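Single-letter residue listing:
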Amino acid sequence: MGRLLEGWDRAGQQSAEEMIAEARKAFFVMFGFMVVVWALQIVNWLSGYRLDTDFGVIPQDPGRLGAILVAPFLHFGWSHIEANSGPLFVFGFLAAYRGVVRFLWLTLLVAVTSGLAVWVFQGSHTLGVGASGLVFGYFGYVVLRGLFDRRLIDTLIGVVMAASFAYLVTVAVPGTPGVSWLAHLGGLVGGMVGAYLLRDRHRPAAVSGDASSGAALDPGRADLHKELGDLGLL
């Protein structure tokens, strides 16, 4: 049995090293993401915010349906982008550190659900841009990911984020002037759906113990042991 636990400790250490590597990639991905967003803001500002006019979402306009993939990268002004940048980086990083490819699929899904919510249901004669839909999508994903992946550390992160930023949900309801609550709600729903669709379907196989002891570690206990190892508690 001693050899069994030692083997799982090594597995936990390897997983922690992989997490650090993924976290490093996630940091650079989000750094690059923010560089693109701010570079577009500079170009937008220099052009008198022509990019907003040309690529913002106009509800029920078939010619602007494709704008739902561009509008999240644009903003109406410096205060707009400043308000979005902090939450976008934090939640984006937390959403990306388990895998960049999964994060890119999540970003596409959230951009579509948030943009479609505005394009279909928002009142006409409006123009929508901004990354807040992505922020809400990443938030919903981070809160639920641990439950669907059955990872202790991600569940704890989700609980902390939900407790710390629950006030964000109040912005996803009608009543805030000048704010597209539909974009927020659509992003939040997209992130929650993404947590399920992009869940980790891999389950570690049971590991047999010493033949003399007949001990074995079932998959559920193996997952818990691995997560505790990742947290440095074993």
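Here the structure is shown first, and the text comes after it.
So, a few notes on the structure that sits alongside this text. (Residues numbered from 1 in each chain as written. Predicted model: local features only at pLDDT ≥ 70, side-chain atom pairs only at ≥ 80, totals over all residues. Heavy atoms only, no water.)

1. Describing the overall build of the protein
Convention followed: Helix and strand definitions follow DSSP, with helices as H or I runs of at least four residues and strands as E runs of at least two, each counted in order from the N terminus. Working definition: with a 1.4 Å probe on protein chains only, accessible area under 20% of the residue-type maximum means buried, over 50% means exposed, and in between means partly exposed. Residue-level accessible areas treat just the shown protein chains as cover; the underlying method is Shrake-Rupley with a 1.4 Å probe.
Looking only at helices and strands, one finds eight helices and two strands in the protein. Order of helices (α) and strands (β) in the protein, N terminus to C terminus: α-α-α-α-α-α-α-β-β-α. Among the 234 residues that make up the protein, the fraction classed as buried is 42%. As presented, the protein carries roughly 11900 Å² of accessible surface, and 70% of it is formed by carbon and sulfur atoms.

2. Quick word on the packing of helix α5 (residues 132-149) against helix α6 (residues 152-164)
Rules: Working convention: axes come from line fits to C-alpha atoms, limited for helices to the stretch in contact. Angles between N-to-C directions cover 0 to 180 degrees. With respect to orientation, any angle under 35 degrees is reported as roughly parallel, any angle over 145 as roughly antiparallel, any angle of 65 to 115 as roughly perpendicular, and every other angle as oblique. Crossings are sorted by hand: turned counterclockwise from the far helix by less than a right angle, the near helix makes the crossing left-handed, and turned clockwise it makes it right-handed. Any two residues whose heavy atoms approach within 4.5 Å at even a single point are treated as in contact. Gly falls in the polar group here, along with every residue not listed as nonpolar (Ala, Val, Leu, Ile, Met, Phe, Trp, Tyr, Cys, Pro) or charged (Asp, Glu, Lys, Arg).
Axis separation between α5 and α6 bottoms out at 7 Å; the angle between their running directions is 140 degrees. Classified by the interaxial angle, the pair formed by α5 and α6 is oblique. Of the two possible hands of crossing, α5 and α6 adopt the one that is left-handed. For the pair α5 and α6, the contacting residues are Phe139, Val142, Val143, Arg145, Gly146 and Leu147 in the first and Asp154, Thr155, Ile157, Gly158, Met161 and Ala162 in the second. Class assignment for the residues of the contact of α5 with α6 results in seven nonpolar, three polar and two charged.

3. Some words on the layout of surface pockets
Quick note on the threshold: Definitions used throughout: a 1 Å grid over protein atoms alone; a cavity as a set of points that fits a 1.4 Å probe which cannot get out; a pocket as an open set with protein on both sides within 12 Å along at least five of seven lines; a lining residue as one with an atom within 4 Å of a point. Grid points are joined across faces, edges and corners, and a volume is the space filled by probe spheres set on the points.
Here the largest pocket is characterised by a volume of approximately 650 Å³. Along the walls of the largest pocket sit 32 residues, with Val129, Ser132, Ser180, Ala183 and His184 positioned nearest its centre. Taken together, the elements giving at least two residues each to the lining of the largest pocket come down to α3 (78-96), α4 (100-121), α5 and α7 (181-197). A per-class count over the lining of the largest pocket returns 19 nonpolar, 13 polar and no charged.

4. Points about the packing of aromatic side chains
Threshold: Geometry of aromatic contacts follows a simple scheme: Phe, Tyr and Trp rings, the Trp one being its six-membered ring, pair when their centres are within 6.5 Å, and the pair is stacked under 30 degrees between planes, edge-to-face over 60, tilted otherwise. Each ring is checked for a lysine NZ or an arginine CZ that lies within 6 Å of its centre and within 35 degrees of its normal; such an atom marks a charge sitting over the ring.
Applying the stated criterion across every chain, the model contains nine aromatic pairs. Relative to Trp78, the ring of Trp38 lies with its centre 5.9 Å away and its plane at 35 degrees, an arrangement referred to as tilted. In this pair, Trp38 is assigned in helix α1 (residues 2-46) and Trp78 in helix α3, connecting sequence segments 40 residues apart. Judged by relative accessible area, which is 30%, Trp78 ranks as partly exposed. Taken together, Phe27, Phe28 and Phe89 form an aromatic cluster joined through their ring pairs. The ring centre of Tyr196 lies 4.1 Å from the NZ or CZ of Arg199, which sits over that ring.

5. Observations regarding the nonpolar core
Put simply, the test is: Definition used in this section: a nonpolar core is a set of buried Ala, Val, Leu, Ile, Met, Phe, Trp, Tyr and Cys residues joined via side-chain atoms within 4.5 Å.
In this structure, Phe33, Leu88, Phe91, Ala95, Leu106, Leu134 and Tyr138 are the most contacted members of the largest nonpolar core, which totals 32 residues. Among the elements of the structure, α1, α3, α4, α5, α6 and α7 are those that each provide at least two residues to this core. Filtering out sequence-adjacent residues up to four positions away, Ala95 remains in contact with Phe103, Leu106, Tyr138, Tyr141, Val142 and Arg145. Within the second largest apolar cluster, ten residues are counted, among which are Val57, Ala67, Leu74 and Ala183.

6. Description of α6
What counts here: By this rule, a helix spans an expected 1.5 Å times one less than how many residues it contains. In this context, the arc is that of the directions from the helix axis out to the C-beta atoms.
Across its 13 residues, α6 extends 18 Å between first and last C-alpha, which sits within 8% of the 18 Å expected from 1.5 Å per residue. Every buried residue belonging to α6 is among Ile153, Asp154, Gly158 and Met161, and all of these are buried. With its buried residues spanning 140 degrees around the axis, α6 presents them on a single face. Among the exposed residues of α6, those pointing more than 90 degrees away from its buried face are Val159 and Ala163.

7. Thoughts on the pattern of salt bridges
Keep this limit in mind: The working definition used for a salt bridge is a side-chain nitrogen of Lys or Arg within 4 Å of a carboxyl oxygen of Asp or Glu.
All told, the structure shown has seven salt bridges when counted by the stated rule. A salt bridge links Asp54 to Arg50; the nearest nitrogen and oxygen atoms lie 3.1 Å apart. Pair noted here: Asp54 and Arg50 are both in helix α2 (residues 50-55), with a separation of four residues, about one helical turn. The partner of Arg102 in a salt bridge is Asp149, and the shortest N-O contact between them spans 3.1 Å. Of this pair, Arg102 sits in helix α4 while Asp149 sits in helix α5, and the two are 47 residues apart along the sequence. Among the residues examined, Asp149 registers a relative accessible area of 7% and is labelled buried. Where salt bridges share partners, they join Arg102, Asp149, Arg151 and Asp200 into one cluster.

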